[in-house]
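Overview (structure and organization)
Spelled out from the first residue to the last, the chains are:
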Amino acid sequence: MAAAELGSQTRAEFDVQNKFPAGNNRKVRYGGSSRREIAETGCSGTSGSFGVPVEDDKHNSLGVEGLDGYALERWETILHYMVSSGTGQNPPKPSTGVLYLLQRSGLMVSHRGSPLQITSIGFQFLLHSPHDQLWALLLQYLDMAEQRQMDLVEVLSFLFMLSTMQLGREYSTEKLGVSQNAMLEDLRDYGLIWQRQPSSKRFSPTRLSTTLTSSSPPLPTATGTSSGPQDGFIVLETNYRIYAYTDNPLQTAVLNLFVSLKYRFPNLVVGSITRDSVKKALNNGISADQIISYLITHAHPQMRKNNPLLPVTVQDQIRLWELERNRLKSSEGYLYTSFTSQADYELVLNYAKELDVVLWENKGKRCFFGTMEGHANIRGFIERRTSGGMT
């Protein structure tokens, strides 16, 4: 939505689905006085809703091609760290602020001081388009902004102002508010803006920010998890062998999460899906359905002629390997034993079943196992019956 449209509306509402963590939907809304501040004043109560371009050309901007390269490098550094950290590799490390954002959003986690590792939510994050990924992080950033006592109106207005700026131009920071100036360092780390120096009084928006509110791709060749081929690149055979037609390090790193890689050639990576490679992925919180979803999303066009798209035997085996890991499931609760008669046992058991809190029962031994949540009610029922309060 263009900024000019905001001023003519009685209320502006932006609805962005935040699927990270899964199941949460967040709406970013502003209206009334907040809307007027964003649409009419933009930057701290002064004119400049579309930014203040720098007119002199004493300091030439990086140029569109240079800005695209910078944004791509920053963005892929974040994604590459997500898929490579904790796997024995040493990927370039994003800034401390980015690492905190990845942890706070549940995309990565550290177990007892170990290096950060990707989570199930993080792998699901990789299945989405760069545009969705960017907004997911920005929504988490908005939550952080409130905790940091930043002006939320300033933060939102700056993000939407960036989306109206012209790619390749430089803009002045002099009209920015306090919160907006504080955002510059964070936005540099995410690849949304470029500055010659951290103390520079001018900045250039990258394609990541100028496409925030449009359907255009945020990176010139971005698709799925990276800047690799526009079409799918994975060929999966019935013998579990994978051929990935890519030379993109990020895509190779993602495959390494659940594939045993054997050979690497220019534009081609060869590997196999094995029991050990799938178990490694499962131990990192990646599910069988997520692995299958990734393979479907990035299947080579030649694979899309098949019906079903992926070999059924491979899909079934991946799920069976997951079932092997999930054969035992632990639950906390209470074991109820030592009933004086079969009638007493069945009375309490039926009561617990009405509450839907029975996890296991053995009628021959007059015992059953109930959930933690149902214990208070079951105990109260037994005490009332023991004291003669019930017949």
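Residues numbered from 1 in each chain as written. Predicted model: local features only at pLDDT ≥ 70, side-chain atom pairs only at ≥ 80, totals over all residues. Heavy atoms only, no water.

From N to C terminus, the protein includes 15 helices and 14 strands. Residues classed as buried in the protein amount to 47% of the 391 residues present. When contacts within the protein are restricted to residue pairs at least 6 apart in sequence, those whose partners lie at least 24 apart make up 63%. With an accessible surface of roughly 19,800 Å², the protein has 48% of that area assigned to carbon and sulfur atoms. (Helix = DSSP H or I, 4+ residues; strand = E, 2+ residues; numbered from the N terminus. Buried < 20%, exposed > 50% of the residue type's maximum accessible area, 1.4 Å probe, protein only. Contact = heavy atoms within 4.5 Å. Areas by Shrake-Rupley, 256 points an atom, 1.4 Å probe, with all protein chains shown as cover.)

On to unusual backbone geometry. In this chain, Asn 307 is followed by Pro 308 through a cis amide linkage whose omega measures 0°. Unusually for a residue other than glycine, Gln 149 sits at a positive phi of about 60°. Taking the relative accessible area as the measure of exposure, Gln 149 reaches 74% and is therefore exposed. We note that Tyr 240 has phi near 75°; this positive angle belongs to a residue other than glycine. Secondary-structure assignment places Tyr 240 in the loop between β8 (234–236) and β9 (241–244).

So, about the pairing of strand β13 (residues 358–362). Relative to strand β14 (residues 367–371), β13 runs antiparallel, the two sharing 4 bridges. Looking at β14, one finds that Val 358 is bridged to Gly 370. Between the antiparallel neighbours β13 and β14 lie 4 residues, among them Arg 366 with a positive phi of about 50°. (Pairing = 2+ DSSP bridges.)

Residues Phe 123, Phe 258 and Ile 273 are the most contacted members of the largest nonpolar core, which totals 81 residues. Ranked by the residues each element gives to this core, the list is headed by helix α6 (residues 130–147), at 10 residues. Ignoring anything within four residues of it in the chain, the contact list for Phe 123 reads Ile 118, Val 254, Leu 257, Phe 258, Ile 286, Gln 290, Ile 291 and Tyr 294. Residues Tyr 336, Tyr 345, Val 348 and Ile 378 belong to the second largest nonpolar core, which totals 11 residues. (Core = buried A, V, L, I, M, F, W, Y, C linked by side-chain atoms within 4.5 Å.)

Attention now goes to helix α11 (residues 275–283). The complete set of buried residues in α11 reads Ser 277, Val 278, Ala 281 and Leu 282. Around the axis of α11, the buried residues are gathered within 140° of arc, so they sit on the same side. Structural note: α11 exposes Asp 276 and Asn 283 on the side pointing more than 90 degrees away from its buried face. If you follow the buried residues of α11, they end up packed against β10 (260–265), β11 (268–272), α12 (288–297) and α13 (312–325). Directly after α11, the chain includes Gly 285, whose backbone phi takes a positive value near 90°. (Arc of directions from axis to C-beta.)

Turning our attention to the pattern of salt bridges. Where charged atoms from two side chains of opposite charge approach closely, those side chains can pair. All chains considered together, the criterion is met by 9 salt bridges. Here Glu 73 and Arg 74 are joined by a salt bridge, their closest N and O atoms 3.6 Å apart. A relative accessible area of 26% places Arg 74 in the partly exposed class. A salt bridge links Arg 275 to Glu 324, with the nearest nitrogen and oxygen atoms 2.9 Å apart. Highlighted residues: Arg 275 in helix α11 and Glu 324 in helix α13, separated in sequence by 49 residues. (Salt bridge = Lys/Arg side-chain N within 4 Å of Asp/Glu carboxyl O.)

So, on to the layout of surface pockets. Roughly 200 Å³ of internal volume is contained in the largest pocket. Along its surface, the largest pocket is lined by Tyr 336, Thr 337, Ser 338, Phe 339, Thr 340, Asp 344, Val 348, Ile 382, Arg 385 and Thr 386. Going through the elements one at a time, α14 (342–354) and α15 (375–386) are the ones with two or more residues in the lining of the largest pocket. Sorting elements by how many residues they give to the lining of the largest pocket places α15 first, with 3 residues. Its residues assigned to classes, the lining of the largest pocket shows 4 nonpolar, 4 polar and 2 charged. (1 Å grid on protein atoms, 1.4 Å probe; cavity = no way out; pocket = protein on both sides within 12 Å on 5 of 7 lines; lining within 4 Å. Points joined across faces, edges and corners; volume = space filled by probe spheres on them. Nonpolar A, V, L, I, M, F, W, Y, C, P; charged D, E, K, R; others polar.)

Using the criterion set out here, one finds 14 aromatic pairs in the structure. Consider the rings of Tyr 141 and Tyr 190, whose centres lie 5.9 Å apart with planes at 85°: the pair is edge-to-face. Taken as a pair, Tyr 141 in helix α6 and Tyr 190 in helix α8 (residues 178–190) lie far apart in primary sequence, 49 residues in all. On the accessibility criterion, Tyr 141 (0% relative accessible area) is buried. Take Tyr 190: its relative accessible area is 5%, and that puts it in the buried class. Judged by centre distance (6.4 Å) and plane angle (50°), the ring pair of Tyr 345 and Phe 368 falls under tilted. Of this pair, Tyr 345 sits in helix α14 while Phe 368 sits in strand β14; the two residues are 23 residues apart in sequence, bridging distant segments of the chain. Classification of Tyr 345 by relative accessible area gives buried; the value is 0%. Taken together, the aromatic side chains of Tyr 336, Phe 339, Tyr 345 and Phe 368 make up a single cluster linked through ring pairs. (Phe/Tyr/Trp six-rings, centres within 6.5 Å; stacked < 30°, edge-to-face > 60°.)

Remember, this is a structural readout, not a statement about activity or role.
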